[in-house]
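Residue strings, one per chain:
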Amino acid sequence: MRERRSVGVVPGLLVLLGALLTGCQSPSAGVAEDGRLGEPAPGTTTATASATATRPSGYGAVFLGVGECSSFGTTSFTEVPCAGERAAARVVARHDGAVRDGPRCPETTDFVLHISEQRPASDEDGDGAVPRGYACMRNLQPPHPGDPGGGGGPRTVVGDCVYGSGDGQVRETACDGEGEHEPEYEVTRAVTARADCPASTVLYVRLGGDRPVGCARPL
């Protein structure tokens, strides 16, 4: 069975997933969506790993479809059998288009792979066109930066911790203090409006979704 490959570039801002992802993070890429302390919509952190698909082949109609697995690399990600020793993460959701325009990844996603559109002029080896899209990935083994308090992942969720970055913004970090930065606030509740936050709230964090406001208390 042949492997399917994707070449990727992984930016990094928060946690490393084996390569980046943090704050959402993860080792391969991490792009945090920050907010301001005490401002109307203080932000949080979200990180994603960027990848570009090149010549996928072999496994299914969709490159890196739901349930399929990838290996890890600093510059590339390859689709591999999930039972193989090179398998490192599994696709938990897969969508076409850009992340900003599509559905959100599940809360416990460890990192996101961005897949570039590929339309080969010829199809001599059975490879098909790959539309632009993204895969929400979950590590097969710990650590799981996307879990509450894990310090990474593409989404900030209830149970995550953040710290002041010194420029009026906050970034996600591990709640257990094992990260590069000590946690200063914990997101204790997700609500639709600030007025719904408990009295102990000192920071509001932008979460997005149906309950976009995160209520954070000091640690």
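Please read all numbers here as calculations on a predicted model, not as lab measurements. (Residues numbered from 1 in each chain as written. Predicted model: local features only at pLDDT ≥ 70, side-chain atom pairs only at ≥ 80, totals over all residues. Heavy atoms only, no water.)

## Observations regarding the pattern of salt bridges
In step 1: Inspection of the entire model under this criterion finds five salt bridges.
In step 2: In this structure, E107 and R155 form a salt bridge, with 3.9 Å as the shortest nitrogen-oxygen distance. Of this pair, E107 sits in the loop between β7 (89–96) and β8 (111–115) while R155 is found in the loop between β9 (133–139) and β10 (161–164), placing the two residues 48 residues apart along the sequence.
In step 3: Its relative accessible area of 45% is what places E107 among the partly exposed residues.
In step 4: A salt bridge links D110 to R138; the nearest nitrogen and oxygen atoms lie 3.8 Å apart. Of this pair, D110 sits in the loop between β7 and β8 while R138 sits in strand β9, placing them 28 residues apart in sequence.
In step 5: Residue classification places D110 among the buried residues on the basis of a relative accessible area of 0%. (Salt bridge = Lys/Arg side-chain N within 4 Å of Asp/Glu carboxyl O. Helix = DSSP H or I, 4+ residues; strand = E, 2+ residues; numbered from the N terminus. Buried < 20%, exposed > 50% of the residue type's maximum accessible area, 1.4 Å probe, protein only.)

## Some remarks on the environment of E85
In step 1: Along the chain, E85 falls in the loop between β6 (76–80) and β7.
In step 2: Taking relative accessible area as the criterion, E85 reaches 83% and is therefore assigned exposed.

## Re the side chain of E68
In step 1: Relative to the elements of secondary structure, E68 occurs in the loop between β4 (52–53) and β5 (69–70).
In step 2: Its relative accessible area of 17% is what places E68 among the buried residues.
In step 3: Here L64 takes part through its backbone nitrogen, which lies 3.2 Å from a polar atom of the side chain of E68. (Polar contact = N/O pair within 3.5 Å; in protein donor to acceptor, adjacent residues only side chain to side chain.)

## Re the state of the cysteines
In step 1: Enumeration over the complete set of coordinates arrives at four disulfides.
In step 2: In this model C161 forms its disulfide with C175; the gap between the sulfur atoms is 2.0 Å. Because the sign of the S-S torsion sets the handedness, a value of about 110° for the bond joining C161 and C175 places this disulfide among the right-handed ones. Of this pair, C161 sits in strand β10 while C175 sits in the loop between β11 (169–173) and β12 (185–191), placing them 14 residues apart in sequence.
In step 3: Residue classification places C161 among the buried residues on the basis of a relative accessible area of 1%.
In step 4: Sequential numbering of the bridged cysteines in the protein gives the disulfide pattern 1-2, 3-4, 5-6, 7-8. (Disulfide = S-S within 2.5 Å.)

## What to know about the environment of T109
In step 1: Locating T109 in the fold gives a position in the loop between β7 and β8.
In step 2: Separated by 43 residues in the primary sequence, T109 and G152 place their C-alpha atoms 9.3 Å from one another.
In step 3: Not counting residues up to four positions away in its chain, the partners in contact with T109 are V92, C136, M137, G146, G153 and P154.
In step 4: A polar contact is formed between the side chain of T109 and the backbone oxygen of P106, at a distance of 2.8 Å. (Contact = heavy atoms within 4.5 Å.)

## Comments concerning the pairing of β11
In step 1: With respect to burial, β11 is a largely interior element, four of its five residues being buried.
In step 2: Inspection of the sheet shows β10 paired to β11 by four bridges, in the antiparallel sense. Residue pairing in the sheet places G164 in a bridge with V170 of β11.
In step 3: Turn length for the β10-β11 hairpin, with the two strands adjacent in sequence and antiparallel, is four residues, and the turn residue G166 shows positive phi of about 95°. (Pairing = 2+ DSSP bridges.)

## Here's the deal with a negative patch on the surface
In step 1: Taken together, the side chains of D176, E178, E182 and E184 present a region of like negative charge at the surface.
In step 2: Its location among the elements puts E178 in the loop between β11 and β12. (Patch = residues over 30% accessible without salt bridge, like charges linked within 9 Å, V, L, I, M, F, W, Y side chains within 5 Å. Areas by Shrake-Rupley, 256 points an atom, 1.4 Å probe, with all protein chains shown as cover. Lys, Arg positive; Asp, Glu negative; His and termini not counted. Charge placed at Lys NZ, Arg CZ, Asp CG, Glu CD.)

## A word on the confidence of the model for the protein
In step 1: On average, residues of the protein score 74 in pLDDT, and 64% of them reach the 70 mark or higher.
In step 2: The least confident element of the protein is strand β2 (residues 35–36), whose mean pLDDT is 36; the most confident is β12, at 97.
In step 3: Considering only residues more than four positions removed or in separate chains, one finds that residues 1–58, a stretch of pLDDT under 50, has 285 contacts.
In step 4: Confidence over residues 122–126 falls short of pLDDT 50; this stretch has four contacts with residues more than four positions distant or in other chains. (pLDDT = per-residue confidence, 0-100.)

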